[in-house]
Amino acid sequence: MCAPFDPQADKSKDEIELGTHFLPKFDSDGLIPAIVTDIDSGDVVMFAFMNEKSLRLTLETKEAHYWSRSRQELWHKGATSGNVQDVIELRTDCDQDAVWLKVRTRGATANCHQGFKSCFYRAAELQDGQTNLSFKEESPLFDPKEVYKK
Ligand SMILES: N=c1c2ncn([C@@H]3O[C@H](COP(=O)(O)OP(=O)(O)OP(=O)(O)O)[C@@H](O)[C@H]3O)c2ncn1[C@@H]1O[C@H](COP(=O)(O)O)[C@@H](O)[C@H]1O
Ligand SMILES: [Mg+2]
Ligand SMILES: [Zn+2]
């Protein structure tokens with residue numbers, strides 16, 4: 001099936017940056033970065049990539065779909081864990097080479113496969129010449145071993 005958006009190639013800068021047509025720019029691997037935030041808190045909860053198919057499925061179903069580079073497969077987030085991300089708004093940036101998904105997450109409301117609300121659950125800080133990570137979320141919202149059985 002045809003994607004409900006045109007490729008960016010051969011479009012003018014004004015059409016891309018100030019127009020009203022979605023003209024996503026995929027990189028040489030056919031991927032576009034997706035930043036994901038929680039609709040209520042505004043926190044960044046995930047960063048992943050989409051290909052044309054996952055972007056189309058996300059627009060059609062209003063549930064986040066990605067392309068997993070490590071698993072080399074289309075990934076409907078939450079298919080195993082139940083933590084489906086309902087997409088409330090999907091934005092693109094000025095030059096349309098990144099997307100921003102504002103989501104409400106189902107189930108345990110954890111977006112990370114480690115059970116945390118956000119994948120960004122640790123902060124880096126320089127201490128005595130060493131950069132240490134400190135946990136910004138107290139504990140995971142689910143037990144990954146139980147949920148993913150691996
Ligand atoms: N559920 C997740 C998941 N949730 C969030 N993330 C984050 O999503 C990002 C992209 O995922 P991947 O690592 O698969 O893809 P990638 O970053 O393109 O590939 P690499 O460069 O890391 O190899 C990573 O930064 C992860 O931290 C997850 N990454 C992988 N999973 C796996 O997805 C499978 C299905 O989980 P559910 O979708 O929750 O059912 C399980 O096997 C999980 O382990
Ligand atoms: Mg990764
Ligand atoms: Zn994560």
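Predicted model, so just to flag it, every value in this text is computed and none were measured.

> Talk me through the packing of aromatic side chains; I want residue IDs and the actual numbers.
Taken as a whole and assessed by the stated rule, the structure comprises eight aromatic pairs. Here the aromatic rings of F47 and F49 are separated by 5.4 Å at their centres, their planes lie at 80°, and the arrangement is edge-to-face. One aromatic cluster is present, formed by F5, F22 and F26 through successive ring pairs. Positioned over the ring face of W75 is R71, at 4.7 Å from the centre of the ring. Across from the ring centre of Y148, 5.7 Å away, lies the NZ or CZ of K150, which sits over that ring.

> So what about the coordination of the zinc ion (ligand 3)? Which residues, and what values?
Within the protein, the atoms that donate to the zinc ion (ligand 3) are C112 (SG) and C119 (SG), at distances of 2.3 Å. A residue is classified by how much of its surface remains accessible, and C112, at 2% relative accessible area, is buried. Among the residues examined, C119 registers a relative accessible area of 32% and is labelled partly exposed.

> Talk me through a nonpolar patch on the surface; I want residue IDs and the actual numbers.
Together, I35, V44, F47, W100 and F120 line one region of the surface with nonpolar side chains, adding up to about 450 Å² of accessible area. Tracing the sequence through the fold places V44 in strand 2 (residues 44-50).

> How would you summarise the site of ligand 1 if you had to cite specific residues and measurements?
Near ligand 1 there are 19 residues, and of these S68, T80, S81, Y148 and K150 occur at the shortest range. One of the side-chain N or O atoms of R69 is found 2.7 Å from an oxygen atom in ligand 1. Y148 places a side-chain nitrogen or oxygen 2.7 Å from an oxygen atom of ligand 1. Considered on its own, ligand 1 offers 790 Å² of accessible surface; in the complex 78% of this is hidden by protein. Taken atom by atom, the bulk of ligand 1 overlaps the largest pocket. Secondary structure elements with two or more residues in the shell around ligand 1: strand 2 and strand 4 (73-76). For the shell around ligand 1, the residue count by class is seven nonpolar, eight polar and four charged.

> Describe the UniProt feature "binding site: Mg(2+)" (unreviewed entry) in the protein chain, naming the residues involved and giving the relevant values.
Mapped onto the present numbering, the UniProt feature "binding site: Mg(2+)" (unreviewed entry) falls at D93, D95 and D97. Reaching out from D93, the side chain makes a polar contact with the backbone nitrogen of D97 at a distance of 3.0 Å. In this structure, D95 sits in the loop between strand 5 (85-92) and strand 6 (99-105). Excluding anything up to four places from it in sequence, D95 contacts Q8, I16 and E17.

What counts as what
- Residues numbered from 1 in each chain as written.
- Chains lettered and ligands numbered in written order.
- Predicted model: local features only at pLDDT ≥ 70, side-chain atom pairs only at ≥ 80, totals over all residues.
- Heavy atoms only, no water.
- Phe/Tyr/Trp six-rings, centres within 6.5 Å; stacked < 30°, edge-to-face > 60°.
- Lys NZ or Arg CZ within 6 Å of the ring centre and 35° of its normal.
- Donors = N, O, S within 2.8 Å, 3.2 Å for Na, K, Ca; no water.
- Buried < 20%, exposed > 50% of the residue type's maximum accessible area, 1.4 Å probe, protein only.
- Patch = residues over 30% accessible without salt bridge, like charges linked within 9 Å, V, L, I, M, F, W, Y side chains within 5 Å.
- Areas by Shrake-Rupley, 256 points an atom, 1.4 Å probe, with all protein chains shown as cover.
- Salt bridge = Lys/Arg side-chain N within 4 Å of Asp/Glu carboxyl O.
- Helix = DSSP H or I, 4+ residues; strand = E, 2+ residues; numbered from the N terminus.
- Near = heavy atom within 4 Å.
- Polar contact = N/O pair within 3.5 Å; in protein donor to acceptor, adjacent residues only side chain to side chain.
- 1 Å grid on protein atoms, 1.4 Å probe; cavity = no way out; pocket = protein on both sides within 12 Å on 5 of 7 lines; lining within 4 Å.
- Sits in = over half its atoms within 2 Å of the grid points.
- Nonpolar A, V, L, I, M, F, W, Y, C, P; charged D, E, K, R; others polar.
- UniProt positions renumbered as here; feature names shortened; annotations may be inferred.
- Contact = heavy atoms within 4.5 Å.

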